[in-house]
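Chain by chain, the residues run as shown.
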There are 2 protein chains.
Amino acid sequence: MVISMNLWLHFSSGYIYLAPSLTFLPVALFELQMAPLRYISLVYSRPKAAYELQWHRGPVYLTEISLDVDADRDGQVERNNPNKGSWMWGPNGHGAILLVNCDSEHTCRKSLDSEHQQQLCLYLKDMSPMVLRTSGPAKLPEGYKLTMHISQGDAECVRVFRTSFVKDYPLVVGGEDLSKEVPCLWGNAEMNFYVEGLRFPDKDFEGLISINLSMLEPSSQGFPETPIFTDRVVFRVAPWIMTPNTLDPVEVFVCSTTDNDQFLKRMRRLVENSGCKLKICPEDMNRGDRWMQDEIEFGYIDSPHQRFPVVLDSPRDGDLQDFPYDVLLGQDFGYVTRTAYGKEVSSLDSFGNLEVSPPVTVNGKNYPLGRIIIGVAFPTATEGRNMTKVVQDFLWAQKVQEPIALFSDWLLVGHVDEFMTFVPAPDKKGFRLLLASPDASYKLFRGLQNGGHGQAKMFDGLGAEEITVDEILSDEKLKAENNYVQSCIDWNRDVLKRELGLDDDDIIDLPILFRVMENRAVAYYPDMVNMIVLGKNLGIPKPFGPKVDGRCALEAEMTSLMGGLGLSCTYIDDFASYHKLLGEVHCGSNVRREPFSFKWWNLEM
Amino acid sequence: MVISMNLWLHFSSGYIYLAPSLTFLPVALFELQMAPLRYISLVYSRPKAAYELQWHRGPVYLTEISLDVDADRDGQVERNNPNKGSWMWGPNGHGAILLVNCDSEHTCRKSLDSEHQQQLCLYLKDMSPMVLRTSGPAKLPEGYKLTMHISQGDAECVRVFRTSFVKDYPLVVGGEDLSKEVPCLWGNAEMNFYVEGLRFPDKDFEGLISINLSMLEPSSQGFPETPIFTDRVVFRVAPWIMTPNTLDPVEVFVCSTTDNDQFLKRMRRLVENSGCKLKICPEDMNRGDRWMQDEIEFGYIDSPHQRFPVVLDSPRDGDLQDFPYDVLLGQDFGYVTRTAYGKEVSSLDSFGNLEVSPPVTVNGKNYPLGRIIIGVAFPTATEGRNMTKVVQDFLWAQKVQEPIALFSDWLLVGHVDEFMTFVPAPDKKGFRLLLASPDASYKLFRGLQNGGHGQAKMFDGLGAEEITVDEILSDEKLKAENNYVQSCIDWNRDVLKRELGLDDDDIIDLPILFRVMENRAVAYYPDMVNMIVLGKNLGIPKPFGPKVDGRCALEAEMTSLMGGLGLSCTYIDDFASYHKLLGEVHCGSNVRREPFSFKWWNLEM
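Fair warning: this is a prediction, and the values are worked out from it, not measured in the lab. The residue numbers shown here count from 1 along each chain, following its written sequence. To label them, take the chains in the order written and letter them from A, then take the ligands in the order written and number them from 1. Confidence filtering applies because this is a predicted model: local features only for residues at pLDDT of at least 70, side-chain atom pairs given and counted only at 80 or more, and all residues used for totals across whole chains, interfaces and linings. For the side-chain quantities, the full set of heavy atoms in the structure was used; hydrogens and water were omitted.

A few words now on the overall build of chain A. The secondary structure content of chain A amounts to 13 helices and 37 strands. Under the scheme applied here, a residue whose accessible area is under 20% of the maximum for its type counts as buried, over 50% as exposed, and between as partly exposed, the area being computed with a 1.4 Å probe on protein chains only. In chain A, buried positions account for 63% of the 605 residues. Residue contacts are counted whenever heavy atoms from the two residues lie within 4.5 Å of one another. In chain A, 74% of the contacts between residues at least 6 apart in sequence involve partners at least 24 apart. Carbon and sulfur atoms provide 50% of the accessible area of chain A, an area that totals close to 22,800 Å². Helix numbering and strand numbering both begin at the N terminus, where a helix is a DSSP run of H or I of at least 4 residues and a strand a DSSP run of E of at least 2. Under the convention used here, a 1.4 Å probe and the Shrake-Rupley method define accessible areas, while residue burial counts only the protein chains that appear.

Our superposition of the copies is a least-squares fit, built on the C-alpha atoms of residues whose pLDDT is at least 70 in both. For the pair chain A and chain B, the superposition axis carries a translation of 0.0 Å, the fit reaches an RMSD of 0.0 Å, and the rotation angle comes to 180°. Look at the turn and shift together and you get a two-fold axis relating the two.

Another point: the confidence of the model for chain A. All names here are of chain A. Scored by pLDDT, chain A comes out at a mean of 86, with 85% of its residues at no less than 70. Low confidence marks residues 1–62, where pLDDT is under 50. Its contacts with residues over four positions away, or in another chain, come to 147 contacts. Two numbers describe this predicted complex: its pTM, 0.83, and its ipTM, 0.75. Per residue, pLDDT measures the predictor's confidence, with a range of 0 to 100.

Next up on the list: the sheet that holds strand E20 (residues 354–356) of chain B. All names here are of chain B. Whether two strands pair depends on DSSP finding at least two bridges between them. Spatially, three strands are ordered E20-E23-E24 in an open sheet, and the strand pairing comes out mixed. Edge positions in the sheet fall to E20 and strand E24 (404–407), since each has one partner strand and no second. On average, each strand axis in the sheet is inclined to that of its neighbour by 35°, with strand direction left out of account. Here E20 runs beside strand E23 (residues 372–376); their pairing, made up of three bridges, is antiparallel. Within the sheet, the bridge partner assigned to Leu 354 lies in E23 and is Ile 374. Axes here mean lines fitted to C-alpha atoms, for a helix over just the part in contact, with angles spanning 0 to 180 degrees between N-to-C directions. Sitting on the sheet, helix H9 (residues 389–397) touches E20, E23 and E24, and the angle it makes with E23 is about 155°. In the packing of helix H12 (residues 476–500) onto the sheet, contacts are made with E23 and E24, and the angle to E24 comes to roughly 165°.

Right, let's get into the environment of Asp509(B). Residues and elements named next belong to chain B. Here Asp 509 is to be found in strand E29 (residues 507–511). By relative accessible area, Asp 509 is classed as partly exposed at 28%. Only 2.9 Å separates the side chain of Asp 509 from the side chain of Arg 493, close enough to count as a polar contact. Any N or O atom pair separated by 3.5 Å or less is treated as a polar contact, with the protein-specific requirement of one donor-capable and one acceptor-capable atom, and with residues adjacent in sequence counted only for side-chain atom pairs.

Strand pairing in a sheet relies on backbone hydrogen bonds. The paired strands run either parallel or antiparallel. Residue and element names in this part refer to chain A. One open sheet holds the three strands; their spatial order is E16-E15-E37, and the pairing between them is mixed. Two strands close off the open sheet at either side, each with one partner strand: strand E16 (277–281) and strand E37 (589–593). The mean inter-strand angle of the sheet, taken between neighbouring strand axes irrespective of direction, is 25°. In this structure, strand E15 (residues 249–255) lies alongside E16, joined through five bridges in parallel fashion. Within E16, the residue paired with Val 254 across the bridge is Ile 280.

Counting residues at the interface gives 56 residues for chain A and 56 residues for chain B. Buried area, as used here, totals the accessible surface that two parts lose on assembly, with accessibility defined by a 1.4 Å probe and the loss added over both. Carbon and sulfur atoms make up 52% of the surface buried where chain A meets chain B, a total of about 4,900 Å² over both sides. Salt bridges are defined by distance alone: a side-chain nitrogen of Lys or Arg within 4 Å of a carboxyl oxygen of Asp or Glu. Linking chain A with chain B are two salt bridges, by the criterion used here. Among the ionic pairs, Arg232(B) bridges to Glu499(A), the shortest N-O distance being 2.4 Å. At the boundary of chain A with chain B, the tally comes to 10 residue pairs in polar contact (both at pLDDT 80 or more). If you list the elements that add at least two residues to the side of chain A that touches chain B, you get strand E2 (38–40), strand E7 (145–149), strand E12 (208–217), strand E13 (226–237), helix H10 (438–450) and helix H12 (476–500) of chain A. For the side of chain A that touches chain B, the leading source of residues is H12(A), giving 13 residues.

Below, the discussion takes up unusual backbone geometry. Positive phi, normally seen in glycine, also occurs at Asp317(A), with a value near 50°. For Asp317(A), the location among the structural elements is in the loop between strand E18 (307–313) and helix H8 (323–328).

Residues and elements named next belong to chain A. Stacked, edge-to-face and tilted are the three classes for Phe, Tyr and Trp ring pairs, Trp counted by its six-membered ring, which pair at centre distances within 6.5 Å; planes under 30 degrees apart are stacked, over 60 edge-to-face, the rest tilted. Evaluation of the coordinates by the stated rule reveals 48 aromatic pairs over all chains. For the pair Phe 422 and Phe 431, a centre-to-centre distance of 5.7 Å together with 75° between the ring planes defines the contact as edge-to-face. Each member of the pair Phe 422 and Phe 431 is classed as buried. Following the ring pairs from residue to residue traces out a cluster consisting of Phe 445, Phe 459, Tyr 524, Tyr 525, Phe 544 and Phe 575.

Owing to its 3.6 residues per turn, the α-helix brings residues three or four apart onto one side. All names here are of chain B. Under the convention used throughout, the expected extent of a helix is 1.5 Å for every residue step, that is, one less than its residue count. For helix H5 (residues 261–273), which comprises 13 residues, the first-to-last C-alpha distance of 19 Å matches the rise-based estimate of 18 Å (1.5 Å per residue) to within 8%. Within the span of H5, buried status applies to Phe 263, Leu 264, Met 267, Leu 270 and Val 271. Projection of H5 onto a plane perpendicular to its axis shows the buried side chains occupying an angular sector of 130°, all on one side. Relative to its buried face, H5 has exposed residues pointing more than 90 degrees away, namely Asp 261, Gln 262, Glu 272 and Asn 273. The positive-phi residue at the C-terminal boundary of H5 is Gly 275, with phi of around 75°. To be clear, the arc concerns the directions from the helix axis to the C-beta atoms.

All names here are of chain B. Note on placement: Cys 276 falls in the loop between H5 and strand E16 (277–281). Look at Cys 276 and you get buried, because its relative accessible area is 8%. Sequence spacing of Cys 276 and Val 250 is 26 residues, and the spatial spacing of their C-alpha atoms is 5.2 Å. Once residues within four sequence positions are removed from consideration, Cys 276 is found in contact with Pro 249, Val 250, Glu 251, Val 252, Val 271 and Leu 534.

Here the focus is the state of the cysteines. Cysteine sulfur pairs qualify as disulfides if the two atoms are within 2.5 Å. For the structure shown, the criterion picks out zero disulfides over all chains. The thiol of Cys587(A) is unpaired, and the distance to the nearest cysteine sulfur, on Cys255(A), comes to 12 Å.

A few words now on the packing of helix H10 (residues 438–450) of chain B against H12(B). Residues and elements named next belong to chain B. One way to put it is that H10 packs onto H12 with a least axis distance of 8 Å and a crossing angle of 140°. As judged from the angle between their axes, H10 and H12 are oblique. Facing Pro 438, Asp 439, Tyr 442 and Arg 446 of H10, the residues of H12 in contact are Leu 478, Lys 479, Asn 482, Val 485, Gln 486 and Ile 489. Taken together, the residues of the contact of H10 with H12 break down into five nonpolar, two polar and three charged. The cut-offs work like this: below 35 degrees is roughly parallel, past 145 is roughly antiparallel, 65 to 115 is roughly perpendicular, and the gaps in between are oblique. Residue polarity is assigned by list, with Asp, Glu, Lys and Arg as charged and Ala, Val, Leu, Ile, Met, Phe, Trp, Tyr, Cys and Pro as nonpolar; anything else, Gly included, falls into the polar class.

It is worth spelling out the pattern of salt bridges at this point. In the structure shown here, the tally under the stated rule is 82 salt bridges over all chains. The salt bridge involving Glu481(B) is made with Arg515(B); its shortest N-O contact spans 3.2 Å. Taken together, the residues span a long stretch of sequence, with Glu481(B) in helix H12 and Arg515(B) in strand E30 (residues 514–517) at a distance of 34 residues. Among the residues examined, Arg515(B) registers a relative accessible area of 23% and is labelled partly exposed. Three or more residues are tied together by salt bridges with common partners; here these are Arg232(A), Lys365(B), Arg371(B), Glu402(B), Arg498(B) and Glu499(B).

It is worth spelling out the pairing of strand E30 (residues 514–517) of chain A at this point. Residues and elements named next belong to chain A. Along E30, the buried face is formed by Phe 514 and Val 516; none of Arg 515 and Met 517, which line the opposite face, is buried. Alignment of E30 against strand E31 (residues 520–523), held across four bridges, turns out to be antiparallel. Paired with Val 516 across the strands is Ala 521, a residue of E31.

The topology assignment puts Thr388(A) in the loop between strand E23 (372–376) and helix H9 (389–397). Relative accessible area serves as the criterion here: at 2%, Thr388(A) is assigned to the buried category.

With that settled, consider the pairing of E37(A). All names here are of chain A. Taken across its five residues, E37 has five buried, putting it largely inside the fold. The side-chain alternation of E37 yields two buried faces, one formed by Ser 589, Val 591 and Arg 593 and the other by Asn 590 and Arg 592. The sheet contact formed by E15 and E37 spans five bridges and is antiparallel. Residue Val 254 lies in a different strand from E37, and its bridge partner there is Ser 589.

What follows is about the side chain of Arg133(B). Residue and element names in this part refer to chain B. Relative to the elements of secondary structure, Arg 133 occurs in strand E6 (residues 128–135). Judged by its relative accessible area of 8%, Arg 133 is buried. Separated by 2.7 Å, the side chains of Arg 133 and Asp 68 make a polar contact. A polar atom in the side chain of Arg 133 sits 2.8 Å from the side chain of Glu 190.

Here it is as C-alpha cells:
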C-alpha cells in the first residue's frame, strides 16, 4: 500500500484504475471507496508517462499504458508526448508523420512475412514506428482488454501492423478492420507497431489520421463493454513535394528515338559535365514518344524516419505511359497517379504544364518550398482547355507548395514551359524568372537592322527555312501575331509578379518569337526558354538565329544574359527531332533533383 | 507628355498601357517603342493604387483601375490594398469577409429593385461592399472592355450586384453567369458592387471565393480577345459560430404545452430576473413538441460591416420543425439547415447533443471561441448511433470552434447535455465544467445514512415514486447500473480534460443517479446538470431529493457548490412535464446569447 500512497502523491497525469474487488482501504484511499470502478487522473511530476494504479484481488499495482509515436519529429519514438494526440504545423509544432508506402516494397498482403528478409526490412523502414509501452502486473484482470481502433473514414488511408512471436507482422487495423484486440505483454514491455499510409492528401482527405487504443472493461450484468480509457495518436500523411530548378540535379531522363542520336550525344556531354547521371529510356519502352517531360513529374515525400522520390504519372498516357510504373517504381522509389474522369484529358494535362518556383516570400508570407505553377484557360474564356480536375485537386491538396494557375491555353501545345522557366542566381532572391519575349526579340532584330545586318539569315544551313532579318521585320502578320503573344505573356508576367512577390529586376526577357496557327501560338525558332537547368549549366535549344561575324546573335544575347548570373550555356540542336514536332529540350527531358533541406512540417500555415 | 514623364518617374506598381497608334515618342519613352502594345509595371511610391498610362490617338492618359474591398477588415473599402488578392488568418492577417445572406431579405431575383426601399437597404447591408475605382480619360479606346469573372466552382457560392442608373442593382456574376462586361465610368469614378455569399463553408467548400476584373483587348486580325491585366480580390465566407453558456443571454425560448403552465411561470420569473426576454412558442406552432433545445441551435455570423444571429435547424424535424423557418427567420435573423441523406437521423441528431465550450487554451493552442462538443457512438462499437454525417461535416468545416466528439450513445436519449454543462466562474479559466456523477451521489447518500437520515424520502409528495435513502443504497442493481454510467462519464471526462486543457479543479461533480433501460441510461431523478444558464442565474431541474430538516439534501449540495462560484440556483419543477418524458429544463428551452467580442478572423490557425 505504501507504493500506492507514494504514487498518489507523486504522479499527476495519467490513469489510476481500481478494480471492483477493493475491500481493504487505507485512509488516504477513502475517497476511492466511493468510486470502486473508475479511473482517476492525478497531478504528478514525472513527464511523458501515463500511469495506471490498479487494485485487483491483491495489492495495488502500478500500470503504465502509453501508445507512443514520434510526435516531436526527431526520428525517435519518445515516451507519452503530451501533444501526441494533435497535429500542428511549424518549427514549434508537433504531431507524427506518415508516408504513403507507394514504392515497390508495398504489397497488399494482410500481413507481412519474412520470406524475403531484405525487402521486408525496406518495407518496414517506409512505415512510421509506433510503440505500445506497458509496465505493471503480469496480466490484466480477467476480461479486461486493450483494443486498437480507427474510424471508418481513416480505414482506407492507413494500415497498422504489429510485431508478433507467432506470425510475422499481422495486420491490426486498416481496410475492413476498424478495431482489433491487442495482446497485452505486461511487466515492463514494449510492442512495436508499423503504420503505413495508403493515400495522399486529396480534395476529400485532409491528410490527418487518428489511431486509438482503448482499455475495455468486460460487460457484466447485461451492460455493454465500457471503455476505461483511450489513448490517441495523430499522424499527418506527408505531401508530395516538387523540386524547382534551383535544386541540384541527380538524374536526367531522355528518350532514345530513331532520329535523335546527335541530341542524345550533346545531352550526355552536358549531363556528365554537370556531375549527374543520364538515363535513357529505350525505344521499345517509349514506342516513339519522346516527350519525357510530359508523361511524369518527379517529386519526393519526407518524414523524420524516411524519405524517397515519388514520380507523379500524368493522365496524359502517351506511348510512354508504362515507363513510370514499369521502370521508375522500385525500391525506395514511389509512384502515384490520378485518373481523369471519363478520359477527358487535353494537352494541358502534360507535365510540361506543371512546374514549381524556387522558394519565395510574398507580402510577408513564406513559401520555403516554392509554389507549383500550372497553365489553364483564361478565366473569361467561355470554352478552353484546362488541366483535368483530379490532378488540380491533388496538387492543391498537398498544401505545402500552394499552386498558381497561369494562362497557357493561348499556346497550341499549351504548356507553361513554353514561355517561362527559373534559373539559379547568386544575388537577389537566389533565382531569376526567365520569360519568352517577342518584344525583346524585335528589339534585338531592329538593333541588327540598324547595325547594318538586315541581310543576316535565320536558320542558316537549314535550307528552305532560311529568312533574313529584314524579311522578319517587314512581316506585318508576324508582328501582329507576336503583339498578341506578348499580351498573353504580359498578363502571366503580372500574375507571376503578384503571386511570387517578384520585382521587374527578378525577371529576364529572352528574345523569342512565336507564330500563331489555328488561333494558338507555337515557337517560330527554337524556344530558348524551354531549357534544361542542371546547376550552373543550361542546356538550351539552339535558336539558329541570324549570324553576325559568324556568331549567332540570339546565342550571343542569351549567353550574355546568363553569363551575368554565372551560368554557362550549351546550345543543343533539337531543330529536326524536337522543335519541328512542337517541343524543345525541356519537353524532351526530365530531371530528378535533390530534395529541399527545409522540412515541410516546419512550414507555418 | 510631361505628365507621363512624371508618372514614369514617380510610379511603381500598376499598369502602363500604350495603345498601338503611338507615333510620336520622347526620348524617355523610347523603350516603349519596342513594345507598342503592352502594359508595363513600374516602381512608384504612392501606395494603394494601380495606375495605367495609356496613349491612344492623342496625348498620354493616366488611368487608374482598381477593384477594391475591405481587405484590412476595418469596415471601409480602402484603395488597392496590396493584400486584397489573398486571405490570411490572425490579427496581422488580411483578406475581405463575406456573409451568407441567409436572413429573410434574401431573394432569388436576378436583380434587386427598389420597390421596398427599406427592405432593400437591409438587404444591401448584409452584403460586402466592393468598389471599382477608375480615373483617367472619359472612355477606353474603341473595343476595349472591362469584364468581371468568377470560376465555375465559386459561382454557386457567390453573387455580385452593381449599382446602375438604368436598373436597380443588376446581377453581374453568380449562378449561371461566370463572366460579364462591366460598363466603364471613366474620369474619376467609383462603381459600387454588392457581394453576397450563398453557401457556408462545408466539406466540399473551404470558404474562399475569388472575384476577378480583367481588361480585355478587342480581337483583331483573327486573334482571340486578350487580357491586358487582371485585378483580383479574395473573400472568405464567415463561419457559423456557436455561443457558450458564459456569454450573456438575450432571449430564452420555450414551448407552451397543455401541461406545463407551472413550468412556464417559474421560467418567466427566472428569465425576467436575469434581464432577458422569454419567447413562448405556442401550441399551434409546436404541436406538442416541447423539446426546444433539440430542434435548433442559435449562433451568429460576423463581418466588419455586419453581424446577425443565425439559427441552425436540426435534421431532427420533430413537430417543432416549422418553428425556425416560419418564426425565427426574419430581418437580420438568418437560417441554415442540413438535410440528412436518406432521412437517416437518430436521437443523436437533436441539438441537446450539440454544445460549445467557453474559450480555452490547450497545450498552448488558443480556442478563443471555444470548441464545439457533440456526442457519438463509442469508437470501438460495431454498431451505434451517431450524429448524421452532413451535420458533422458542416460543424467541422466552420473551423473556428474545432469540434470534440464525446461518447453519448450510452444514454437512451443520447445527448451530451444529459451529463455535462458549463457555468461561468469568477476565477481560474472563467468557467467550470459540471459533470453528472453517480459517485458523488452515492457519497452524498451514504453521508445521509451515516448521519441517521436513512429513512429520508426521495420524491417526497410525488406519491408512488417515494423511496428512502436506505432503500436506494441497498439496491445492488441500481449500484451496478451507476457503476456502468460512471465509467462512461469518466471516459468522457478524460477526453474533455485533454481536449479542453482542463485540470481536475476545473470540474465539479454533481450528485446525479441514472437507471439503465434497454442497455442505455436515463436520469433516475431530475438531472440537475441539464440546466439553463442565464448569466449568474441557473434554472435547475428540481431533484426531489431526500429532505433533511425540511430541506432537500440534493438542492442544498447543489446550491452550496454553485454558491461558491457566485451563482444563484432556482429549482424548477419539471418532473411531470419534462423529466418523465426523458428530458429536463435544458432540453425544454433554448437561449440566444450575445456574440463574442473576439472577432473570428483574428484567430491564428
